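# Notes for the structure review
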Amino acid sequence: MTTNHHFKKILSFSFIVFCFCTGIGIGIFIRFGRIQTLEAATTSPVLNQINSSDTPGSTEPFSPSLQKQLIVDPQSTTQNITIQAVGDIIPGTNYPNYRLPRNKNQLFPQSVRRYLQRADLLFGNFESTLTKHRYSSKDISRGQVFAFRSPPTYAKLFKDVGFDVFNIANNHALDFGMVGLKDTVNYLKSVGIETVGHKNQILILEVNNVKVAMLGFAPYEFYNSIHDLEAAEKLVKAAKQQADIVIVSMHAGAEGTGALRVRNKTEFFYGENRGNPIKFARQMIDVGADIVLGHGPHVPRAMEIYKDKLIAYSLGNFLGYKTLSTRAQTGYSMILETKIDREGKLLGAKIIPVHLNSEGIPYIDQNFRTVGLLRYLINKDFPQTPVKIDRKGAIILANAER
């Protein structure tokens, strides 16, 4: 009886020790698993930010080769900036009739805002005016002549969305004459949005301790003209002496679905000389530009890498509330996102595809239509360029280190 009693005590004690050790072992295993998971999530800060939410409908937003290019050494002292650019923006008009949304916030859906607000520098081409001036400088009774006027209160909307710089060197900034242009510039300035494209202007910004120079060009003498290559080259050279990175904005090329292709020749639209976009963009790169952003054709156009610099020939329409056509490729849009270091080197880029609904409001495009279009256009217009775009919008810099 005594022996059995001792045996039961020993057995109970052994069982308790076994359970205790097993519990500790399981705890260590769980703890180790959590540590491993946390380490995996923090090994690369950049890749941790570039996750499946970055590209709609994608679990692999970047190809492995591009991911390697975007990994930043945490010990590096080199500053990098993320620049986003979008195309033509008209947020509705109250002239000559009322075409404005009931709530202006609906112009930028939250899904789009989330992408725009992560840029260090957000740029767009503003093709309207912010003014209360009553008289247009245009005779809109003539065919294909349009004048746009948007409420000045929209300036704060643009700032809330995240815009830092608007190009005003285009064919609509003067829709209400000098009064309208000055009002537009002043209203934007009052909320902290700069404008670029003024004659002989070099806009200098400091972004993440990196000096960025921006210049805007258009086919009109009132602004910096794309037709005066000598003057344009002088401006870009001067900008290069003042800044680490030089961004050139160009309003150039014909318009519409018939102008999807870009060729190395002068383009015309309704008899108006819209310049030679390829010649102009490449010459700006030759004298110091680090990236050229094109707009005006109202459709996306091909991109190319020229001397290791990215040229986007047209970013398409981005917002055209009841003003811009959204039929066919005029509804194809994008957010071009690039990462550039302080020496002007392109570290990586991608296309965030956007599509405009029938009212001209942008939405993130789960069907990647713009990506497919750009892949086709690049293959047709610049088959030798080292820039390639994968099916999810990542721009692969195939030979950028050549």
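Note that the structure is predicted; figures quoted are calculated from it, not measured. (Residues numbered from 1 in each chain as written. Predicted model: local features only at pLDDT ≥ 70, side-chain atom pairs only at ≥ 80, totals over all residues. Heavy atoms only, no water.)

So, on to the overall build of the protein chain. On a plain count of helices and strands, the protein chain comes out with nine helices and 19 strands. Restricting to contacts in the protein chain with at least 6 residues of sequence separation, those with at least 24 account for 70%. In the form shown here, the protein chain has an accessible surface area of approximately 18800 Å², with 53% of it arising from carbon and sulfur atoms. (Helix = DSSP H or I, 4+ residues; strand = E, 2+ residues; numbered from the N terminus. Contact = heavy atoms within 4.5 Å. Areas by Shrake-Rupley, 256 points an atom, 1.4 Å probe, with all protein chains shown as cover.)

Take the nonpolar core next. Ranked by internal contacts, the top residues of the largest apolar core, which has 69 residues, are Met214, Val248 and Met303. It is strand β6 (residues 210–218) that provides the largest number of residues to this core, a total of six residues. Formed by 30 residues, the second largest nonpolar core is a distinct cluster that contains Ile89, Leu100, Val112 and Phe166. (Core = buried A, V, L, I, M, F, W, Y, C linked by side-chain atoms within 4.5 Å. Buried < 20%, exposed > 50% of the residue type's maximum accessible area, 1.4 Å probe, protein only.)

This brings us to the layout of surface pockets. By volume, the largest pocket is sized at about 800 Å³. Lining the largest pocket are 26 residues, with Gln144, Phe146, Asn171, Glu255 and Phe269 positioned closest to its centre. When the residues that make up the lining of the largest pocket are grouped by side-chain class, the tally is eight nonpolar, eleven polar and seven charged. (1 Å grid on protein atoms, 1.4 Å probe; cavity = no way out; pocket = protein on both sides within 12 Å on 5 of 7 lines; lining within 4 Å. Points joined across faces, edges and corners; volume = space filled by probe spheres on them. Nonpolar A, V, L, I, M, F, W, Y, C, P; charged D, E, K, R; others polar.)

Right, let's get into the packing of helix α7 (residues 229–242) against helix α8 (residues 277–286). Relative to each other, α7 and α8 sit at 35°, their axes nearing to 9 Å. Crossing handedness for the pair α7 and α8: right-handed. Counting all contacts with α7, which are made through Leu229, Ala232, Glu233 and Val236, the residues of α8 involved are Lys279, Phe280, Gln283 and Met284. In terms of residue class, the contact of α7 with α8 is made up of five nonpolar, one polar and two charged. (Axes fitted to C-alpha atoms, helices over the stretch in contact; angles between N-to-C directions. Left-handed = near helix turned anticlockwise from the far one by under 90°.)

On to helix α6 (residues 177–190). For α6, with 14 residues, the first-to-last C-alpha span of 20 Å sits near the 20 Å given by 1.5 Å per residue. Where α6 is concerned, the buried positions are Gly177, Gly180, Leu181, Thr184, Val185 and Leu188. Take α6 and look down its axis: the buried residues cluster within an arc of 130°, on one side only. Exposed residues lying more than 90 degrees from the buried face of α6 are Lys182, Asn186 and Ser190. Positive backbone phi, at 95°, marks Gly192, one or two positions downstream of α6. (Expected span 1.5 Å × (residues − 1). Arc of directions from axis to C-beta.)

Turning next to the side chain of Asn224. Here Asn224 lies in strand β7 (residues 224–225). Exposure remark for Asn224: the relative accessible area of 4% places this residue in the buried category. At 3.0 Å, the side chain of Asn224 and the backbone oxygen of Gly216 are in polar contact. In contact with Asn224, other than residues within four places in its own chain, are Gly197, His198, Lys199, Asn200, Gln201, Gly216, Phe217, Ala218 and Leu235. (Polar contact = N/O pair within 3.5 Å; in protein donor to acceptor, adjacent residues only side chain to side chain.)

Right, let's get into the confidence of the model for the protein chain. For the protein chain, per-residue confidence averages 84 on the pLDDT scale, and 79% of positions sit at 70 or higher. Below pLDDT 50 for its whole length, residues 1–11 participates in zero contacts with residues either more than four positions away or in separate chains. Under a pLDDT of 50 for its full length, residues 24–77 has, in the predicted model, 59 contacts with residues more than four places off or in other chains. (pLDDT = per-residue confidence, 0-100.)

Let us look at the environment of Val371. Inspection of the secondary structure puts Val371 in helix α9 (residues 369–381). Judged by its relative accessible area of 1%, Val371 falls in the buried class. In the structure, Val371 is positioned 23 residues away from Ala394 in sequence and 9.1 Å away in space, judged by C-alpha atoms. With sequence-adjacent residues up to four places away left out, Val371 is seen in contact with Ile351, Pro353, Ile389, Asp390, Arg391 and Gly393.

Throughout the structure, instances matching the rule amount to 16 salt bridges. Asp160 is the partner of Lys156 in a salt bridge, and the nearest nitrogen-oxygen pair spans 2.9 Å. Of this pair, Lys156 and Asp160 are both found in helix α5 (residues 154–161), four residues apart, which corresponds to roughly one turn of the helix. The exposure class of Lys156 is partly exposed, given its relative accessible area of 49%. Classification of Asp160 as partly exposed rests on a relative accessible area of 40%. Among the salt bridges present, the one from Lys199 reaches Glu221, with a minimum N-O distance of 3.9 Å. Residue Lys199 is found in the loop between β4 (194–196) and β5 (203–207), and its partner Glu221 is found in the loop between β6 and β7; the two are separated by 22 residues along the sequence. A relative accessible area of 40% means that Lys199 is categorised as partly exposed. Several salt bridges converge on common partners, so that one network encompasses Lys240, Asp290 and Lys309. (Salt bridge = Lys/Arg side-chain N within 4 Å of Asp/Glu carboxyl O.)

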